[in-house]
Structure formats: C-alpha cells, structure tokens
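Descriptive analysis of the structure
Take a look at the letters that make up each chain.
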Amino acid sequence: MSETVEFNSCGDKLKGVLTRPAGRSGDVPLVIMAGGWCYTKEIVMPWYGKFFEELGCATLRFDYRGFGESGGVPRQHINPWNQIEDYRNAFSFAETLAGIDKSRIGIWGISYSGGHVLIAAALDSRPAFAISTIPVVDGFQTMRRVHGETRFAQLNRLLAEDRRARFSGKPSAAMPMSPEKDAAAELTSWPFPHVYAGFMAIKKNEAPRHEHWNTIESVELLLQYKVAPFCERIVETPAMMTLAKGDNITSADLEMQAFNAITNPNKTLVSVSGVDHMSLYTNRDHLAKVGRVQAAWLKNLLASMG
C-alpha cells in the first residue's frame, strides 16, 4: 500500500513515501513525518509510522531539501527554517491527495524535527495535531551542555572561522555528525560515539542514503534555534510530546519548558522511562513503547474529532 511520491518545496523536488492503511475505505487521516539531524525517510519513521497505520491512518514520510532522494543544494545543509517550510509544503501536497481526510492531517517529528513540528503548528493553522518526539527545543543550551565549556568554546571558534570563509566566497565546510570512537579527537556536531555506532548500523541495514556529516553552518543555525517562544502561539492545535526520561542529549528539562509554553490546554506530555535518546532509534522494544503511547493518544484524539 506504499507508493513513491514527489512534490515541490521552494523550487526543489522532495521525494517521499505515501503509505495507505490496508483494508480501509473512504477518506482516512494522514500523519506527515520527517526526520531529525541528517536523517532520511528510512530512519525509524517506517517503524513509528506502522503504529499510526494500524489505527487506519495514512503516513507521508519525506526527505528534506538537500537530503536523501530529494533535490536541492547544498547537500547535508541543515537549515531548520527551510525544513519547517518543507513540512508546510508537504501539508499543501497532502491536501491534494485523493482518499485523505483533509480535516485530519497532522504532523509528527523526532529530535530536531520534534521541534520543527511545534514551530510549524504555531505558524500554520492547518495541522489537526502535532506529535513531538524527544525534541530539540533550544539549540544554544543543548550544544553548550553536550559539548561542555571547553569544547563549546572551540566549537564557537570553528563557527567563526567558517563564517569568515563564507564571507570570502567559499561554501561552508563539512564536519562529522558524531565521532566514531574518541569524542575528544575532533569537533563534531553531536559528540557521542554511541550516536555514530547507532546510525552506522541503521545505515547498513535500513538507510543506505544516510550521510553522517553536515555543514558547519548547520551548527551555527542550530544555535539560533529556540522553540518555546513559538509554543505560545499553539492555541488551537492539539499537541503531544513524548520524551525519554533523563534524556542527556536533547535534555528533558528543556523539553518540558517548551511543553509548558504551549497555550492550548489540549496537550499531553509523556515521559517514557527505561529508554534514552538513541535507543528510540536502535532498540525496537524501546521504540515500540513510545509508538504505542503516541498511537493511543492519536486514536482518542481522532475519535473525539468524529
């Protein structure tokens, strides 16, 4: 029941996979899904998507501009505002699809895109719901925490050097997403060897188009990223946030601050114990814990919508 689709986003062709639930007639709800830092549509989204498909929802998983099968240059450049625009254009594409209930199209995100869906819900009145999974919500504080004081100062010097190079006409240089073994050996975006190990296994088995690097400017843009001010504008859209209890990558306390800023009282926060940030990619049992919680919430929401 899956088909490859493509749609336009600001002049670039984005590639996606549309999966319709088996055995369903009439117009069905749809969950739009995209990934986090350097992710392609094959990374965990099919696993989370199946819980929504079992409810009778269709899913649309897509690659951002510059990633995976989608067009766009520069490659591996993570501009969060462009990615949020890609979500909104994916929504516009979804509205053209036959067999989709236009009043029950929602958005789902994980890690970086977990923040994106909250901003998209604040900026766009169309989503029927937003589901945010272990979101990045404050780029500056997150980078400062994960790198530590000394390495964060080194990171800022690298960003300054790259900005000078871009001013002279050069493209932003590349840096690794995470280190293979020694976090102290080189500057990376996310200084955790277990992140490298987890994504290399996913690349080998499920997502061959994953590239484990990004532009340096991507990190500079991350430092400007903060979700909570937008959450004050989520007045009408039902929202759910699931986080990993004690998450030391995206920081559960920062996530809760963003959740508390959501104005709409129709919101749900679930802190899932016994999992961590990376295990929600690499451990199918841990992933299922969150997937079932999200599916149960969405089932109740859709029932209330009629």
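This text follows the structure it describes.
One structure accompanies this document, and this report is about it.

Conventions adopted
- Residues numbered from 1 in each chain as written.
- Predicted model: local features only at pLDDT ≥ 70, side-chain atom pairs only at ≥ 80, totals over all residues.
- Heavy atoms only, no water.
- Pairing = 2+ DSSP bridges.
- Helix = DSSP H or I, 4+ residues; strand = E, 2+ residues; numbered from the N terminus.
- Salt bridge = Lys/Arg side-chain N within 4 Å of Asp/Glu carboxyl O.
- Buried < 20%, exposed > 50% of the residue type's maximum accessible area, 1.4 Å probe, protein only.
- Axes fitted to C-alpha atoms, helices over the stretch in contact; angles between N-to-C directions.
- Contact = heavy atoms within 4.5 Å.
- Right-handed = clockwise from strand over helix to strand, strands pointing away.
- Expected span 1.5 Å × (residues − 1).
- Polar contact = N/O pair within 3.5 Å; in protein donor to acceptor, adjacent residues only side chain to side chain.
- Core = buried A, V, L, I, M, F, W, Y, C linked by side-chain atoms within 4.5 Å.
- Parallel < 35°, antiparallel > 145°, perpendicular 65-115°, else oblique.
- Left-handed = near helix turned anticlockwise from the far one by under 90°.
- Nonpolar A, V, L, I, M, F, W, Y, C, P; charged D, E, K, R; others polar.
- Phe/Tyr/Trp six-rings, centres within 6.5 Å; stacked < 30°, edge-to-face > 60°.

1. As for the pairing of strand E1 (residues 2-9)
Note that E1 and strand E2 (residues 12-19) share eight bridges and pair antiparallel. Bridge pairing links Val5 to Gly16 in E2. Counting the residues between successive antiparallel strands, the hairpin from E1 to E2 contains two residues, one of them, Cys10, with a positive phi of roughly 55°.

2. Here's the deal with the pattern of salt bridges
All told, the structure shown has 20 salt bridges when counted by the stated rule. With its nearest N and O atoms 2.7 Å apart, the salt bridge here joins Arg65 to Asp86. Here Arg65, found in the loop between strand E4 (58-62) and helix H2 (80-94), pairs with Asp86, found in helix H2; they are 21 residues apart in sequence, far enough to count as distant. Each of the two residues, Arg65 as well as Asp86, counts as buried.

3. Thoughts on the sheet that holds E1
Ordered in space as E1-E2-E4-E3-E5-E6-E9-E10, the eight strands form an open sheet in which the pairing is mixed. The open sheet is flanked by E1 and strand E10 (267-272), the only strands paired with a single partner. Neighbour-to-neighbour, the strand axes of the sheet open up by a mean angle of 20°, direction not taken into account. Along the sheet face, H2 touches E1, E2, strand E3 (28-34), E4 and strand E5 (100-110) and points at about 120° away from the line of E1.

4. Considering unusual backbone geometry
Of note, the bond from Val73 into Pro74 is cis; its omega dihedral lies within 30 degrees of zero at 0°. Tracing the sequence through the fold places Pro74 in the loop between E4 and H2. Of note in this structure, Ile134 is not a glycine but carries a positive phi near 35°. Examined against the element boundaries, Ile134 turns out to sit in the loop between strand E6 (130-133) and helix H4 (139-167).

5. A few points about the pairing of E10
Strand direction decides the pairing type here: strand E9 (residues 239-244) and E10, joined by six bridges, are parallel. Opposite Thr242, over in E10, you have Val270 as the bridge partner. Considered for its hand, the β-α-β crossover made up of E9, helix H8 (residues 252-261) and E10 is right-handed.

6. Some thoughts on helix H10 (residues 284-305)
The end-to-end C-alpha separation of H10 is 31 Å, in line with the 32 Å expected for 22 residues at 1.5 Å each. Listed as buried for H10 are His286, Leu287, Ala288, Val290, Gly291, Gln294, Ala295, Trp297, Leu298, Leu301 and Leu302. Its side-chain oxygen at 2.9 Å from the backbone nitrogen of Asp285, Asn283 defines the N-terminal cap of H10.

7. Observations concerning the environment of Met240
Of note, Met240 is situated in strand E9. As a C-alpha pair, Met240 and Trp108 span 132 residues in sequence and 9.5 Å in three-dimensional space. Met240 has contacts with Ala130, Ile131, Ser132, Thr268, Val270, Val293, Gln294 and Trp297, leaving out every residue within four places of it along the chain.

8. Considering the nonpolar core
Core analysis: the largest hydrophobic core is formed by 100 residues, its most contacted members being Ile32, Trp37 and Tyr281. Sequence-distant contacts of Trp37, that is, excluding residues within four places in its chain, are made with Ile78, Tyr112, Met177, Ser189, Trp190, Asn214, Ser218, Val219 and Leu222.

9. Regarding the side chain of Asp138
With respect to the secondary-structure elements, Asp138 resides in the loop between E6 and H4. Polar side-chain contacts of Asp138 include one of 3.3 Å to the backbone nitrogen of Phe140. When sequence neighbours within four positions are dropped, the list of residues in contact with Asp138 reads Tyr225, Lys226 and Leu254.

10. Here's the deal with the packing of H4 against helix H6 (residues 216-223)
Packing of H4 against H6 brings their axes to within 9 Å, and their N-to-C directions diverge by 125°. By the criterion of interaxial angle, the relationship of H4 to H6 is oblique. Like other packed secondary-structure pairs, H4 and H6 cross with a definite hand, here left-handed. In this structure, H4 uses Gly139, Phe140, Met143, Phe152, Leu155, Asn156, Leu158, Leu159, Asp162, Arg163 and Arg166 to contact H6, whose residues at the interface are Ile216, Glu217, Val219, Glu220, Leu222 and Leu223. A breakdown of the residues in the contact of H4 with H6 according to their chemical character gives ten nonpolar, two polar and five charged.

11. Quick word on the packing of aromatic side chains
Inspection of the entire model under this criterion finds 15 aromatic pairs. With centroids separated by 5.5 Å and ring planes inclined at 80°, the aromatic side chains of Tyr39 and Tyr281 adopt a geometry described as edge-to-face. Note that Tyr39 is positioned in the loop between E3 and helix H1 (45-54) and Tyr281 in helix H9 (residues 279-282), a separation of 242 residues in sequence. For Tyr39, a relative accessible area of 4% gives the class buried. For the pair Tyr112 and Tyr225, a centre-to-centre distance of 4.9 Å together with 80° between the ring planes defines the contact as edge-to-face. With Tyr112 in helix H3 (residues 112-123) and Tyr225 in the loop between H6 and helix H7 (228-231), this pair connects stretches of sequence that are 113 residues apart.

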